[in-house]
Amino acid sequence: MALSPLDIHNKEFSRGFRGYDEDEVNEFLEQIMKDYENVLEENKTLKNSLKETKEKISHFNSIEETLQKSILIAQEAAEDVRRNSLQESKLIVKEAEKNADRIVNEALSRARKIAMEIEDLKKQSKVFRNRFRMLIEAQLDMIKTDDWERLMEYRPDAEELEAASDVE
């Protein structure tokens, strides 16, 4: 067991005929006691400091562990977000491709329909043109007939006019 300063102070030595000078020994023991007391106090302070440091280290280790877990969770969350974003972007691309295909197909269908309508209009235009030409030709033929000449040469008879007015 370690000596305390009080043990050093109370230590009694046996006296001999030619022993050490008692005052010198007491003075030396006093100095040892003070130094030993200082060493013990310093040791106590260092132990307290060591205890506080260990507590701080334990606290910081706990914080470090928590931070590492937080970083790991954040990395996992970031990976999940990245994975979900990638899946969502693939879905968006697929949807856009479907819409693009649908739009292209609708456009092609409309283009076919318009082309068919154009062909139908061309046929109708051709029929109309032919009928119109035939109508005009018939009118021209009518104008070219001799009936117009006879109409111009027609002179009503005065007696016929009188008979026609009496009847009315």
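Procedures and definitions
Residues numbered from 1 in each chain as written. Predicted model: local features only at pLDDT ≥ 70, side-chain atom pairs only at ≥ 80, totals over all residues. Heavy atoms only, no water. UniProt positions renumbered as here; feature names shortened; annotations may be inferred. Helix = DSSP H or I, 4+ residues; strand = E, 2+ residues; numbered from the N terminus. Buried < 20%, exposed > 50% of the residue type's maximum accessible area, 1.4 Å probe, protein only. Areas by Shrake-Rupley, 256 points an atom, 1.4 Å probe, with all protein chains shown as cover. Lys, Arg positive; Asp, Glu negative; His and termini not counted. Charge placed at Lys NZ, Arg CZ, Asp CG, Glu CD. Salt bridge = Lys/Arg side-chain N within 4 Å of Asp/Glu carboxyl O. Phe/Tyr/Trp six-rings, centres within 6.5 Å; stacked < 30°, edge-to-face > 60°. Patch = residues over 30% accessible without salt bridge, like charges linked within 9 Å, V, L, I, M, F, W, Y side chains within 5 Å.

- Named according to an unreviewed UniProt entry, the protein is DivIVA domain-containing protein originating from Sporosarcina thermotolerans.
- The record in UniProt for the protein states the following under Sequence similarities (unreviewed entry): "Belongs to the DivIVA family."
- As stated in UniProt under Subcellular location (unreviewed entry), the record for the protein gives "Cytoplasm".

## A word on the overall build of the protein
Thinking step 1. What the protein contains, in helices and strands, is four helices and zero strands.
Thinking step 2. When the helices and strands of the protein are placed in sequence order, the string is α-α-α-α.
Thinking step 3. Projected onto its principal axes, the C-alpha coordinates of the protein cover approximately 205 × 35 × 25 Å.
Thinking step 4. Within the protein, the fraction of its 168 residues that count as buried is 2%.
Thinking step 5. Carbon and sulfur atoms form 57% of the exposed surface of the protein, whose accessible area is close to 16400 Å².
Thinking step 6. A distance of 7 Å separates the average location of the 28 positive side-chain charges in the protein from that of its 39 negative side-chain charges.

## Section: the pattern of salt bridges
It is possible for side chains of opposite charge to pair when their charged atoms get near one another.
Thinking step 1. Here the structure, examined in full by the defined rule, presents five salt bridges.
Thinking step 2. Between glutamate 106 and arginine 102 there is a salt bridge, with its nearest N and O atoms 3.2 Å apart. Taken together, the residues glutamate 106 and arginine 102, both in helix α2 (residues 22-144) and four residues apart, mark about one turn of the helix.

## Focus on the packing of aromatic side chains
Thinking step 1. For the structure on display, the rule yields one aromatic pair.
Thinking step 2. With a centroid separation of 5.8 Å and an interplanar angle of 10 degrees, the aromatic rings of phenylalanine 128 and phenylalanine 132 are classed as stacked. Of this pair, phenylalanine 128 and phenylalanine 132 both sit in helix α2, four residues apart, which is roughly one turn of that helix.
Thinking step 3. Classification of phenylalanine 128 by relative accessible area gives exposed; the value is 56%.
Thinking step 4. A relative accessible area of 44% means that phenylalanine 132 is categorised as partly exposed.

## A few points about a nonpolar patch on the surface
Thinking step 1. A cluster of nonpolar side chains, namely Phe128, Phe132, Leu135, Ile136, Leu140 and Ile143, defines an oily patch on the protein surface of about 600 Å² accessible area.
Thinking step 2. Within the secondary structure, leucine 135 sits in helix α2.

## Examining the UniProt feature "coiled-coil region" (unreviewed entry) in the protein
Thinking step 1. Following the UniProt record, one finds the feature "coiled-coil region" (unreviewed entry) at residues 26-56 and 86-124.
Thinking step 2. Span residues 26-56 is 100% helix and 0% strand, its end C-alpha atoms 44 Å apart.
Thinking step 3. The straight-line gap between the two end C-alpha atoms of residues 86-124 is 56 Å; of that span, 100% is helix and 0% is strand.

## Things to note about the environment of lysine 11
Thinking step 1. Counting through the fold element by element, lysine 11 comes out in the loop between α1 (5-10) and α2.
Thinking step 2. For lysine 11, a relative accessible area of 47% puts it in the partly exposed group.
Thinking step 3. Once the C-alpha coordinates of lysine 11 and glutamine 139 are considered, the two residues, 128 residues apart in sequence, prove to be 159 Å apart.

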